[in-house]
Amino acid sequence: MDPAFGEALIRLLPNLRRYALSLARRADLADDLVQTTVERAIRAAGSYDPAARLEPWLFRITRNAFIDLTRRQRTEGVQVDVFDMPEALPDDGDRAVEARLMLQATQQAMKTLPPEQAEILHLICIEELSYAEAAEVLDIPKGTVMSRLSRARLALAERLGIK
Amino acid sequence: MQIDDETLMALADGELDQAEAARVSAAVARDPEAQARLRLFTETRARLKILASAAPAPSDKDLIARIRAASSAVQASGTVAPTAPPLSATPPVPANANRAPWAALAAAVTAAVVGLAWWQMGGTPAGLPEAEVAALDSLPSGQVTELGDGRDLTMIASYRTAEGAFCREYETAQDAGLTVSVACRQGDTWQRQFASDMTATDGYVPASGDIAALDDWLAETGAGDPLTPEDEAAALAD
């Protein structure tokens, strides 16, 4: 494996964890997803085209790992929601209270959106993927990305009281 | 000019080319209503962007060490690390909505699974129950049916093996027990060729063993990506 690839992968670990968390919503599952993504990325490093951005390529691996994981888990259990876990909340003691409240309101609103909408918002507005890159990760046409994203944005605006 | 939401959003997201962006911006400047709608898109993006810095940051020390080790292993030997056979970067992708994670997540899950996989390559016919055969004959992937004996059957996906056999992956569930199976059509009958029993346990155990077993089976038989719903329907009609 090219050391440059390894270093790029290391730089993106926080992004991977964030995306994994948005998919799984549980810190322990997110950890496993990141782990799986890293292992698969290392094994598949040879098939990565260095001309393309690494983010979509990695996110796609994470997403497939998540699909693998969830379709094999059907047993109901107690879900620990990441947003209820104090250690999962941002440590932003320096930040103004107002900003923190706004952030929590956004997190809360994301939680109430349909998962499909929350996912596309995450990829584009948080991870800053382009429409085309998100289409690649989600395996849907770009037109679908745009219609879904626009619905999701309006739904989020409504929940946040943005007019 | 009437500017639709998707165009406004593309402007807010920097997805329009320069000429288009200039044209739309000029139109927005003359249209207070469009300005208000544009703000919905810029503001939602700005609010979400803040979340990028809000993720928990557990230590990635071990992972970083793992990645650096993989890098240096290659440096040393000049070849691919022997313990890391190349895998497809994109494991079989869902050809239908059933593989989409959300359907599964809705039914989610914290108790985990441990698996025991077994193969029936050749050998005696598996003698599948009639209800399972009926589902294999007609149930599209992504749909669930009751087998009449207390079990549910979820059709996952269809494949063609390298030899051209038509095979289908499905799950049967009863209470906490789950079996992932693959059956292939042989003439007028179905033969189960792979099955992995999973039992719920306390706490979370990664199911990678089961995934590996299924992936191995798929790789061994040369099965490619799942068939599209159209191709599957055509195969079922044969």
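Predicted, not measured: the structure shown is a model, and the values here were computed from it.

Definitions and limits used
Residues numbered from 1 in each chain as written. Chains lettered and ligands numbered in written order. Predicted model: local features only at pLDDT ≥ 70, side-chain atom pairs only at ≥ 80, totals over all residues. Helix = DSSP H or I, 4+ residues; strand = E, 2+ residues; numbered from the N terminus. Buried ≥ 20, exposed ≤ 12 C-beta atoms within 10 Å, placed from the backbone. Contact = placed C-beta atoms within 7 Å. Arc of directions from axis to C-beta. Axes fitted to C-alpha atoms, helices over the stretch in contact; angles between N-to-C directions. Parallel < 35°, antiparallel > 145°, perpendicular 65-115°, else oblique. Nonpolar A, V, L, I, M, F, W, Y, C, P; charged D, E, K, R; others polar. Pairing = 2+ DSSP bridges. pLDDT = per-residue confidence, 0-100.

A. Highlighting the overall build of chain B. Tallying secondary structure elements over chain B gives 8 helices and 6 strands in all. Tracing chain B from N to C terminus, the helices and strands come up as α-α-α-α-α-β-α-β-β-β-β-β-α-α. The proportion of buried residues among the 238 residues of chain B is 33%. Here the analysis covers contacts within chain B between residues at least 6 apart in sequence; of these, 53% occur between residues at least 24 apart.

B. Representation of the overall build of chain A. Helix and strand counts for chain A come out as 8 helices and 0 strands. Helices and strands appear in chain A in the N-to-C order α-α-α-α-α-α-α-α. Across the 163 residues that make up chain A, the buried fraction comes to 46%. Here the contacts in chain A between residues at least 6 apart in sequence split such that 69% fall between residues at least 24 apart.

C. The environment of Glu-55 of chain A, seen in detail. Residue and element names in this part refer to chain A. Relative to the elements of secondary structure, Glu-55 occurs in helix α4 (residues 54-70). The exposure class assigned to Glu-55 is buried, which follows from the 20 C-beta atoms found within 10 Å. Each C-alpha atom of the pair Glu-55 and Glu-128 lies 9.7 Å from the other, and the pair is 73 residues apart in sequence. If near-sequence neighbours (up to four positions away) are discounted, Glu-55 is found in contact with Leu-12, Asn-15, Glu-127, Leu-129 and Glu-133.

D. Examining helix α1 (residues 3-11) of chain A more closely. Residue and element names in this part refer to chain A. Considered for burial, the residues of α1 that qualify are Phe-5, Gly-6 and Leu-9. Buried positions in α1, seen along its axis, are confined to an arc of 100 degrees and lie on one side of it. Facing away from the buried side of α1 by more than 90 degrees, the exposed set consists of Ala-4 and Arg-11.

E. Expanded view of the packing of helix α8 (residues 142-160) of chain A against helix α1 (residues 5-12) of chain B. Relative orientation of the contacting elements α8 of chain A and α1 of chain B amounts to 85 degrees, with a least axis distance of 10 Å. Between α8 of chain A and α1 of chain B, the angle falls in the class roughly perpendicular. Here α8 of chain A contributes Met-146, Ser-147, Leu-149, Ser-150 and Arg-153 of chain A to the contact with α1 of chain B, which in turn contributes Asp-5, Glu-6 and Met-9 of chain B. In the contact of α8 of chain A with α1 of chain B, the residues fall into 3 nonpolar, 2 polar and 3 charged.

F. Spotlight on the pairing of strand β4 (residues 166-174) of chain B. Of all 9 residues in β4 of chain B, 8 are buried; the element is thus mostly enclosed. Once strand β3 (residues 152-160) of chain B ends, the chain turns through 5 residues before running back antiparallel as β4 of chain B, passing Gly-164 of chain B with a positive phi of about 95 degrees.

G. Here's a closer look at the confidence of the model for chain B. Residues and elements named next belong to chain B. Across chain B, pLDDT averages 73, with 67% of residues at or above 70. Confidence drops under pLDDT 50 across residues 75-125; counting only partners more than four residues distant or on other chains, this segment forms 127 contacts. With pLDDT under 50 throughout, residues 200-209 is counted as low confidence; its partners more than four residues away or in other chains account for 23 contacts.

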